[in-house]
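# Coordinate inspection notes
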Amino acid sequence: MSQTNIKIDESWKAVLNDEFQQPYFAEIKKYLVQEKQNGQTIYPPGSLIFNAFDSTPFDKVKVVIIGQDPYHGPRQAHGLCFSVMDGISPPPSLENIYKELHTDIGMTIPKSGNLQKWADQGVFLLNACLTVRAHNANSHKNIGWHKFTDAVIQKLSEQREGIVFLLWGGFAKKKSALIDEIKHYVLTSGHPSPLSANRGYWFGNKHFSKTNELLKKQGLSPIDWTL
């Protein structure tokens, strides 16, 4: 995973060049190479690890959604948080996201779990950890990715204005410490996972319509959330 073969938009390469040169990033690469050498399957596939960055250029980010780590089953993860590849049924958290979209904006609940359409419109779908070992949730949480993605959030906060950050659940809410809330908008709620959602912490947050109101207030085009 050298910088030259990372599939990532040029705008992000420029913004993150300093991070790519850091010793901790070299350690991430070394760890992933060792995992492969030890016969481990890593998700998402190498070319899709930075899919969120490749799909949503730095200067086009309007909305940030923060997930924890990639799905760890076959053909699920493709580098966009909460999203799964075509042909894979939406996981429970994504089903609850769709239910909220239905009640919030009347969106017909889709069969596809692929959120690429959102990423293409400026919704930066960032997992705090960019890789995972197959069938082992959070297995790469301590290899340096959190340091990297915290720096990503900070750079967005420092160098951009008016981004809507959607922080769902306790893990994501902690990232608010990295965001300048004078320059940006931060919306928080419980996590869409069944455990949180069914206890009343997710449904009814209206984050999708609220996001579009905040974008329109700035003269920006709203997100077409329909899939």
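All of the points below concern the structure found in this document. Just so you know, these numbers come straight off a predicted model, no measurement behind them.

How each quantity is defined
Within each chain, residue numbers correspond to sequence positions counted from 1 in written order. Under the rules for a predicted model, residues below a pLDDT of 70 receive no local features and side-chain atom pairs below 80 are neither given nor counted, while totals for whole chains, interfaces and linings still include all residues. Values reported for side chains reflect all heavy atoms of the structure, with hydrogen atoms and water molecules removed beforehand. Three exposure classes are used, based on accessible area relative to the maximum for each residue type with a 1.4 Å probe and protein chains only: buried under 20%, partly exposed in between, and exposed over 50%. Helix and strand labels come from DSSP, where a helix needs a run of H or I of at least four residues and a strand needs a run of E of at least two; each type is numbered from the N terminus. For two strands to count as paired, DSSP must find a minimum of two bridges between them. Each polar contact in these results corresponds to two N or O atoms within 3.5 Å; when the atoms are within protein, one needs to be able to donate a hydrogen and the other to accept it, and residues that are neighboring in sequence are counted only if both atoms are side-chain atoms. The criterion used for residue contact is that any of the two residues' heavy atoms lie within 4.5 Å. Cavities and pockets are found on a 1 Å grid laid over the protein atoms alone: a cavity is a set of points where a 1.4 Å probe fits but cannot escape, a pocket is an open set with protein on both sides within 12 Å along at least five of seven lines, and a lining residue has an atom within 4 Å of such a point. Grid points are joined across faces, edges and corners, and a volume is the space filled by probe spheres set on the points. Note that Gly is not counted as nonpolar here; it falls among the polar residues with everything else outside the nonpolar set of Ala, Val, Leu, Ile, Met, Phe, Trp, Tyr, Cys and Pro and the charged set of Asp, Glu, Lys and Arg. Stacked, tilted and edge-to-face are the three classes assigned to paired rings of Phe, Tyr and Trp, where Trp is represented by its six-membered ring and a pair needs centres within 6.5 Å; plane angles under 30 degrees give stacked, over 60 edge-to-face, the rest tilted. Throughout this description, the term salt bridge denotes a Lys or Arg side-chain nitrogen within 4 Å of a carboxyl oxygen of Asp or Glu.

Moving on, we get to the pairing of strand S2 (residues 63-67). Most of S2 is tucked away: 5 of the 5 residues are buried. Side-chain alternation along S2 places Val63, Ile65 and Gly67 on one buried face and Val64 and Ile66 on a second face that is also buried. Of the strand pairs in this sheet, S2 and strand S3 (residues 123-127) are connected by 5 bridges, and their pairing is parallel. Within S3, the residue paired with Gly67 across the bridge is Asn127. Of the strand pairs in this sheet, S2 and strand S5 (residues 164-168) are connected by 3 bridges, and their pairing is parallel. Its bridge partner lying in S5, Val63 is registered against Val164.

Turning next to the side chain of Asn205. Here Asn205 is to be found in the loop between helix H8 (194-197) and helix H9 (207-217). There is a polar contact of 3.1 Å between the side chain of Asn205 and the side chain of Ser189. Polar contacts involving the side chain of Asn205 include one to the main-chain carbonyl oxygen of Trp202, which spans 3.3 Å. Among all residues touching Asn205, those that are not within four sequence positions of it are Glu100, Ser189 and Lys210.

With that out of the way, let us pick up the layout of surface pockets. Its volume calculated, the largest pocket comes out at about 350 Å³. Taken together, 21 residues make up the lining of the largest pocket; nearest its centre are Gln68, Asp69, Pro70, Tyr71 and Phe82. In terms of residue class, the lining of the largest pocket is built from 8 nonpolar, 12 polar and 1 charged.

Positionally, Gln37 belongs in helix H2 (residues 23-37). Measuring from C-alpha to C-alpha, the distance between Gln37 and His146 comes to 23 Å, with 109 residues separating the pair along the chain.

Below, the discussion takes up empty space enclosed by the protein. It is a probe the size of a water molecule, rolled over the atoms, that shows where empty space is left. Under the counting rule described, the total for this entry stands at 2 cavities of 30 Å³ or more. Every residue lining the largest cavity is listed: Ile49, Ala52, Pro70, Gly79, Leu125, Leu126, Asn127 and Leu130. For the lining of the largest cavity, the element with the most residues is S3, which contributes 3 residues. Partitioned by chemical class, the residues of the lining of the largest cavity number 6 nonpolar, 2 polar and no charged. Empty space within the second largest cavity amounts to approximately 30 Å³. Lining the second largest cavity are Ile66, Gly67, Gln68, Phe82, Trp168, Phe171, Ala172 and His191. Of the residues in the lining of the second largest cavity, the class split is 5 nonpolar, 3 polar and no charged.

What follows is about the side chain of His184. Mapped onto the elements, His184 comes out in the loop between helix H7 (169-173) and strand S6 (185-189). Polar side-chain contacts of His184 include one of 3.1 Å to the backbone nitrogen of Ile163. Among all residues touching His184, those that are not within four sequence positions of it are Leu156, Ser157, Arg160, Glu161, Gly162, Ile163, Phe165 and Ile179.

Next up on the list: the packing of aromatic side chains. Within the structure shown, the criterion is met by 21 aromatic pairs. Taken together, a centroid distance of 4.8 Å and an interplanar angle of 80° make the contact between Trp168 and Trp202 edge-to-face. Separated by 34 residues along the polypeptide, Trp168 in strand S5 and Trp202 in the loop between H8 and H9 bring together distant segments of the chain. Relative accessible area serves as the criterion here: at 0%, Trp202 is assigned to the buried category. In textbook terms, an aromatic cluster arises when at least three aromatic residues are bridged by ring pairs, as seen for Trp12, Phe20, Tyr24, Phe25, Phe50, Phe53, Phe58, Phe124, Trp145 and Phe148.

This structure, assessed with the given rule, holds 5 salt bridges. Its salt-bridge partner being Asp54, residue Lys7 comes within 2.9 Å of it at the nearest N-O pair. In this pair, Lys7 sits in the segment before helix H1 (10-20) while Asp54 sits in helix H3 (residues 51-55), placing the two residues 47 residues apart along the sequence. Exposure remark for Lys7: the relative accessible area of 48% places this residue in the partly exposed category.

Another aspect to go through is unusual backbone geometry. In this chain, Tyr43 is followed by Pro44 through a cis amide linkage whose omega measures -5°. Within the element layout of this structure, Pro44 appears in the loop between strand S1 (42-43) and H3. Despite not being glycine, His135 shows a phi value in the positive range, around 60°. Mapped onto the secondary structure, His135 falls in the loop between strand S4 (132-133) and helix H6 (145-159). The phi torsion at Asn138 lies on the positive side, around 60°, for a residue other than glycine.

Read these as layout, nothing more, since geometry by itself doesn't imply function.
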